[in-house]
Amino acid sequence: MTTQGPVVEVRGLVSAFGDMVIHDGLDLTVERGEILGVVGGSGAGKSVLLNTVIGLRDPQEGIVRVFGQDLQNATRRRWTAIERRWGVLFQQGALFSNLTVHENVAAPMFEHTDLSRKDIAELADLKIALVGLERAAGLRKPSELSGGMRKRAGLARALALDPELLFLDEPTAGLDPISAGAFDALIKELQSSLSLTVMMITHDLDTLYEITDRVAVIADRKVVATAPVRELERSTHPWIREYFLGPRGRAAASVKMTEA
């Protein structure tokens, strides 16, 4: 099932915790087939935005549409159908600690499909291989894996139902530079080969320069700019200039230019 128009649309979003307003009229669009990075300072509400888009939080005001459907007014049946079309990789993987990796990846298929145990087992093996893990890793529990392997295991579970849309929450957080680079390359490869749309919350400048098509910047309680990184470098907004043209931003940019 395909949908015309943007995959994710957020219009006039207001989010608050009591009297503390996090978003005030925030607008965001994720286009089909792109990798969109979302950045912002600490407390800017990046994770609040993600949780609102995937239905873990209700907005105080505004509209959230995914695949053209208004989530606030969706029936339970419609909501379930929409939810099956996306996958989520949370920052810590959010794997079930008492299950093996194979069982974690198989869990969504048992919940949402009528496939046989044999078919589910084979598909779980396929998803594990797809993210670059050896079959033996499927027999381990999350606590027995390195940080990078846990990220890949979480990604395999996010891909269990063959989603069209992938949400990533700080996917390279806690990884060493080599592992982070390998994970970036994996995301880019999967996005291309599986025709995924990706919305990624990240603060990793290397990731932003390496694999995103556009970056949305949250500041002043809104998305103040959405553009490719090279265009954001020319922004006059103080936070954007500090972020992309500060020492770390210049370093990430110079590495990318050297590679090109």
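Residues numbered from 1 in each chain as written. Predicted model: local features only at pLDDT ≥ 70, side-chain atom pairs only at ≥ 80, totals over all residues. Heavy atoms only, no water.

A look at the overall build of the protein
Argument step 1. Scanning the protein for helices and strands turns up 10 helices and 10 strands.
Argument step 2. Relative to a compact globule of 260 residues, whose C-alpha radius of gyration would be 18 Å, the protein shows 19 Å and is just as compact.
Argument step 3. With the C-alpha coordinates aligned to their principal axes, the bounding extent of the protein is approximately 55 × 45 × 35 Å.
Argument step 4. The 260 residues of the protein split such that 50% are buried.
Argument step 5. Within the protein, contacts between residues separated by at least 24 positions form 65% of all contacts whose residues are at least 6 apart in sequence.
Argument step 6. Split by element, the accessible area of the protein, about 12800 Å² in all, is 50% carbon and sulfur.
Argument step 7. The positive charge centre, built from 30 side chains, and the negative charge centre, built from 34, are 1 Å apart in the protein. (Helix = DSSP H or I, 4+ residues; strand = E, 2+ residues; numbered from the N terminus. Rg over C-alpha atoms; globule rule 2.2 N^0.38 Å. Buried < 20%, exposed > 50% of the residue type's maximum accessible area, 1.4 Å probe, protein only. Contact = heavy atoms within 4.5 Å. Areas by Shrake-Rupley, 256 points an atom, 1.4 Å probe, with all protein chains shown as cover. Lys, Arg positive; Asp, Glu negative; His and termini not counted. Charge placed at Lys NZ, Arg CZ, Asp CG, Glu CD.)

Description of the side chain of Thr52
Argument step 1. Of note, Thr52 is situated in helix H1 (residues 46-53).
Argument step 2. A relative accessible area of 3% means that Thr52 is categorised as buried.
Argument step 3. Those residues in contact with Thr52, other than ones at most four positions away along the chain, are Leu13, Ser15, Arg57, Pro59 and Val64.

A closer look at the side chain of Thr207
Argument step 1. On the secondary structure map, Thr207 appears in helix H7 (residues 205-211).
Argument step 2. Owing to a relative accessible area of 0%, Thr207 belongs among the buried residues under this scheme.
Argument step 3. What Thr207 contacts, discounting residues up to four positions off in sequence, is Thr172, Asp184, Met200, Thr202 and Thr212.

Observations concerning the sheet that holds strand S2 (residues 20-30)
Argument step 1. Taken in spatial order, the four strands of this open sheet run S2-S1-S4-S5, and their pairing is antiparallel. Here the strands that pair on one side only, and so sit at the sheet edges, are S2 and strand S5 (69-70).
Argument step 2. Bridging between strand S4 (residues 61-66) and S5 involves two bridges; their strand directions are antiparallel. The partner of Arg65 across the bridge, within S5, is Asp70.
Argument step 3. Packing of H1 onto the sheet brings it into contact with strand S1 (8-17), S2 and S4, and relative to S1 it is tilted by some 120°. (Pairing = 2+ DSSP bridges. Axes fitted to C-alpha atoms, helices over the stretch in contact; angles between N-to-C directions.)

A short note on the packing of helix H3 (residues 101-112) against helix H4 (residues 117-130)
Argument step 1. Where H3 contacts H4, the axes come no closer than 9 Å and their chain directions differ by 125°. On the basis of the axis angle, H3 is oblique to H4. For H3 against H4, the interelement crossing comes out right-handed. Judged by residue contacts, Val101, His102, Val105, Ala106, Met109 and Phe110 of H3 engage Arg117, Ile120, Ala121, Leu123, Ala124, Asp125, Lys127 and Ile128 from H4. (Parallel < 35°, antiparallel > 145°, perpendicular 65-115°, else oblique. Left-handed = near helix turned anticlockwise from the far one by under 90°.)

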